[in-house]
Amino acid sequence: MRVEKEYMNLEGIVEIRIFNANQKDFYKPTPKEFDIEDLEFRELMNNIPVEIHCLIPYEEGNDFIIQRIGNFTLDKYNCADDDVKGRLLSKLSPLFYEALYDELVDVHKNQIIKDIRFVYYYKNKLSKLSAAKIVFDMGKIFVTTKNIDADSSNRVDLEYRDFDEDKNNIMENFSQTGSYYNINGKYTWSQGIYNIINRAKEESDDYFNIVFDLVIPEDKHIVNKIFDITNKDTALCDEIIRIKTRDGTLKTIEVNVYSYFDETGIIIRQGMINDITQHSRDELTKPVDFLLDGFKDSTKLALLIEPLNIKQYKFSKGFYYIIEKDYGDYIHSRDILNNIADKDVIRRLENLIDGEINTINETFCYYVDGNPNRRKVVDLYLERFEYGNATHSLGFLTDITEERVKQEQLTASNENRLILIKEIHHRVKNNLQILSSFLNLEKRAYKNDPDLIIEHMQTRLNSLALLHEKTYNSQDFKNINLKDYLIDHDRKTMDVVDFPNKIEFETYVDENLELSLEVITPLLLIIDEITMNSIKHAFPDTSSNNKITKEIRSVGNNAAELIIKDNGVGIGDSNKMSKNLGCEIIKSLTKQLGGNISMFKQDKGTAYKLTFPTQMEHTME
């Protein structure tokens, strides 16, 4: 058993925290020492909802004779009024005597009123709260107490504290931020907190600070500092601390905690927590990593999540390559705009930040560290939008410096270089729209299965990231050899997707088949969709020798053919299958490709044949 006492300056109340005390700590039977008369209005006191205890100062207030103990307390300790009346408080309840001595003496000597809050814990779980008031009147000390239900709060209907776990939106999962409220010792946690600490909600979480409990020993003093500050006149505290999750992952988090009174005078402690950890290239510990991982190896293309939020942003590693700063050295603020050479671009970006416009698509010169001799040409696409009653933002940043320099050195007749520049602009402008379209479709179709949405997004992002990686290093954007793409594509798919059982990929590609970039992009996305359908539906848990085969060959007349099949259980109702979301996406991509796709029969499994042109005309402006 231990007792902690702290004056909560912000509330003007003394909080006494009692841990793991048993009945013997509160009540020790002792012989009667004084004959004490009953209080007047005894019957009235027995019938009001607040407990009233009466103490008579003894030896100038160094001890106190008990004249009355409230009925609730008597029942709790299985004793009667005659068992407590006429005893000294120091002998009958040493625990309360020591805990309340300073307050009782102060009230007796100065005839003031003091507010006390008792907080009882058992095995580190909040078990009871009790609000007390100490008053001196008629030469006696009266202690009134009122118990508070530790399991519920009558304020949960207030809008700013109304957390509906079924409505946690996808942006919180992506941004890896969360919030909590602490009201009368009870916590309410948002879903983002569980993303940060890498676990699901547990029943006891309402009674613990599930984040601060994970703080490593070296940073415990920072947690003490946070509590000290938010319990005193200064109500706001910003700190950086490190935690170690149950699975052993070390994370660095930014903590913003503040205290305030609600409209009824109850003190609220609120925390905003943001995971600012820079994970190693092989870690996938949270949902946002599934999204960012598709861009992890790119040094020229950056995915920007929440770039308009200076505290809750997440950027892929390409961003730090482009601006040439280490992750730990970069501080996100409007100051980065000072490194942009084009003043008109700065003005439009400020308009976007201030909410005057919703989209920006600009190419401009960026000076690394503000130095004009370290110029980079970058293409930026940013979009802001409303989601979940809040404003969010997404974007792409692309380093096109090398391509722009080469463009300046080549003549206007260099067709391949012209295609390079157009293709970069085209892809940066359209990729976010493609991803957003898929995400919107799947949010409606799979709203009850967010893990499936994330897995599908990860596969598509890997395909697009693979295209960016290889085409940036290619010398020919009209005649690209497909074989290398598909070998890497198979490997990345196996690394990303959680297979229920082992599946073998076999891929055969015509060595001489060359395709344009406009063809490869939708072709790989079609392969993604068919492959994911096979993985999810073709192979029961008991199956073995599972195989997905792809064969791509030229069929002449500037056309090629893809045969993709599995040896799974096949499709029972092809008409029903043709109407699901995956098939609709395949049809849309086939139309974009200008091809023709159909299913064909085989002894076992499902098979598709796609015929498509090997070249498509550029449509970029």
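Note that the structure is a prediction, hence the values are computed from the model and not measured. (Residues numbered from 1 in each chain as written. Predicted model: local features only at pLDDT ≥ 70, side-chain atom pairs only at ≥ 80, totals over all residues. Heavy atoms only, no water.)

Caption draft 1: Representation of helix H5 (residues 94-110). For H5, with 17 residues, the first-to-last C-alpha span of 24 Å sits near the 24 Å given by 1.5 Å per residue. For H5, the principal kink sits at Leu100 and spans about 60 degrees. If you check which residues of H5 are buried, you get Leu95, Phe96, Tyr97, Ala99, Leu100, Glu103, Leu104, Val105 and Val107. Positive phi appears at Gln111, one or two residues downstream of H5, with a value of about 50 degrees. (Helix = DSSP H or I, 4+ residues; strand = E, 2+ residues; numbered from the N terminus. Expected span 1.5 Å × (residues − 1). Bend = angle between axes of the 7 residues up to and from the residue. Buried < 20%, exposed > 50% of the residue type's maximum accessible area, 1.4 Å probe, protein only.)

Caption draft 2: Expanded view of a nonpolar patch on the surface. On the surface, a cluster of nonpolar side chains totalling about 310 Å² of accessible area is made up of Phe41, Leu44 and Ile48. Structurally, the position occupied by Phe41 is in the loop between helix H1 (23-26) and helix H2 (42-46). (Patch = residues over 30% accessible without salt bridge, like charges linked within 9 Å, V, L, I, M, F, W, Y side chains within 5 Å. Areas by Shrake-Rupley, 256 points an atom, 1.4 Å probe, with all protein chains shown as cover. Salt bridge = Lys/Arg side-chain N within 4 Å of Asp/Glu carboxyl O.)

Caption draft 3: Fine view of the confidence of the model for the protein. The share of residues in the protein with pLDDT of 70 or more is 79%, and the mean pLDDT across the chain is 79. In this model residues 149-175 is a low-confidence stretch, pLDDT under 50, and it forms 56 contacts with partners more than four residues away in sequence or in other chains. Predicted confidence is poor over residues 279-287, with pLDDT under 50, and the contacts of this stretch with residues over four places away or in other chains come to 27 contacts. (pLDDT = per-residue confidence, 0-100. Contact = heavy atoms within 4.5 Å.)

Caption draft 4: Inspection of the sheet that holds strand S22 (residues 559-566) at higher detail. Read across the open sheet, the 5 strands follow the order S19-S21-S22-S24-S23; overall the sheet is mixed. Across the chains shown, the open sheet's two edge strands, defined by having one partner strand only, are strand S19 (503-509) and strand S23 (596-600). On average, each strand axis in the sheet is inclined to that of its neighbour by 15 degrees, with strand direction left out of account. Sheet topology note: the strand S21 (residues 546-556)/S22 ladder contains 8 bridges and is antiparallel. By the bridge assignment for S22, Ser554 is matched with Ala560. Most of the contacts of helix H18 (residues 581-593) go to strand S24 (residues 607-613), to which it runs at about 25 degrees, and overall it touches S23 and S24. (Pairing = 2+ DSSP bridges. Axes fitted to C-alpha atoms, helices over the stretch in contact; angles between N-to-C directions.)

Caption draft 5: Representation of unusual backbone geometry. The phi angle at Glu60 is positive, at roughly 60 degrees, despite the residue not being glycine. Mapped onto the secondary structure, Glu60 falls in the loop between strand S3 (51-58) and strand S4 (63-68). The phi angle at Asn545 is positive, at roughly 55 degrees, despite the residue not being glycine. With respect to the helices, strands and loops of the structure, Asn545 is situated in the loop between helix H16 (517-537) and S21.

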